[in-house]
Amino acid sequence: LNVADFNFNQQYNITDILGGNPQENKVITENILQGKASNAHTDLIAVNAGALLYLSGKVNNLVEGYKTAKQQILSGLIYEKIAKKLINFTQSCKL
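Residues numbered from 1 in each chain as written. Predicted model: local features only at pLDDT ≥ 70, side-chain atom pairs only at ≥ 80, totals over all residues. Heavy atoms only, no water.

> Describe helix α3 (residues 62-75), and please don't skip the residues or the numbers.
For α3, which comprises 14 residues, the first-to-last C-alpha distance of 20 Å matches the rise-based estimate of 20 Å (1.5 Å per residue) to within 8%. Of all the positions in α3, only V63, G65, Y66, A69, K70 and I73 are classed as buried. Angularly, the buried residues of α3 cover 155° about the axis, an arc narrow enough to put them on a single face. Residues of α3 that are exposed and point more than 90 degrees away from the buried face comprise K67 and Q71. Here α3 starts with a cap whose side-chain oxygen sits 3.1 Å from the backbone nitrogen of V63, and that cap is N61. Remark: G76 follows α3 within two positions and exhibits a positive phi of approximately 85°. (Helix = DSSP H or I, 4+ residues; strand = E, 2+ residues; numbered from the N terminus. Expected span 1.5 Å × (residues − 1). Buried < 20%, exposed > 50% of the residue type's maximum accessible area, 1.4 Å probe, protein only. Arc of directions from axis to C-beta. Polar contact = N/O pair within 3.5 Å; in protein donor to acceptor, adjacent residues only side chain to side chain.)

Given below as structure tokens:
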């Protein structure tokens, strides 16, 4: 396995994925989940999520996992699913 297997558009530096203070990290996380993050953040998350897809048997290899995860991230579906689950959870809570 080589980084070239993932067909990234560019090489990234560590500074491309650094976070910041809590508010900046919140924005970065929301942008990732909505498919609006930088290429560096999106690719980093997609590689990790793709590895989980592979380990769980959902895809045949790591590259397929990366591509599947990236497609889902960029579609914004992940954010919608999380938002719906959060809404359902908070509505089910009795205070």
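> Break down the packing of aromatic side chains for me, citing the residues and quoting the values.
For any two aromatic rings, the description comes down to two numbers: the centre-to-centre distance and the angle of the planes. Applying the stated criterion across every chain, the model contains one aromatic pair. Considering the side-chain rings of F6 and Y66, the 5.3 Å spacing of their centres and the 85° angle between planes classify their relative orientation as edge-to-face. Taken as a pair, F6 in the segment before α1 (22-33) and Y66 in helix α3 lie far apart in primary sequence, 60 residues in all. Both residues of the pair, F6 and Y66, belong to the buried class. (Phe/Tyr/Trp six-rings, centres within 6.5 Å; stacked < 30°, edge-to-face > 60°.)

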